[in-house]
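Spelled out, the chains give:
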Amino acid sequence: MSVLVVVLLGVLAGLAAAALGLGVALTQVPMARARRVALAAGMGGAIAFTLTALVQLPFYAGAEDGIAVPLLIACAAGAVGACMTGGLILRAAHKQT
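As a starting point, this report considers the structure included with it. (Residues numbered from 1 in each chain as written. Predicted model: local features only at pLDDT ≥ 70, side-chain atom pairs only at ≥ 80, totals over all residues. Heavy atoms only, no water.)

**Describing the overall build of the protein**
- Broken down by element type, the protein carries three helices and zero strands.
- For the protein, the succession of helices and strands along the chain, N to C, is α-α-α.
- Along the first, second and third principal axes, the C-alpha atoms of the protein reach 55 × 20 × 15 Å.
- Residues counted as buried form 32% of the 97 residues belonging to the protein.
- Of the contacts made within the protein by residues no fewer than 6 positions apart, 75% connect residues no fewer than 24 positions apart.
- As displayed, the protein has an accessible area near 6200 Å², and 76% of this comes from carbon and sulfur atoms. (Helix = DSSP H or I, 4+ residues; strand = E, 2+ residues; numbered from the N terminus. Buried < 20%, exposed > 50% of the residue type's maximum accessible area, 1.4 Å probe, protein only. Contact = heavy atoms within 4.5 Å. Areas by Shrake-Rupley, 256 points an atom, 1.4 Å probe, with all protein chains shown as cover.)

This is the structure we're talking about:
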């Protein structure tokens, strides 16, 4: 698996995290704030997935059949990153202007 494939998988994981974050945030906050939650969740999920997968890549570069476990670990890290960043936006104090 090449670095480009890992980065593209990270972008796709970020898109999935953003869509899920938007859906969850819409149940609690207005659309304008839910978009910010989705953006933060997408960025956090993509960065966490990509960095975790890239760190593990040298150890599993030649193994095409044993790549599932490292990708599952990277998916879990991406989900945690998305939850943390989305949660930070939800917990931030909303300024009334």
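After presenting the structure, the write-up continues.
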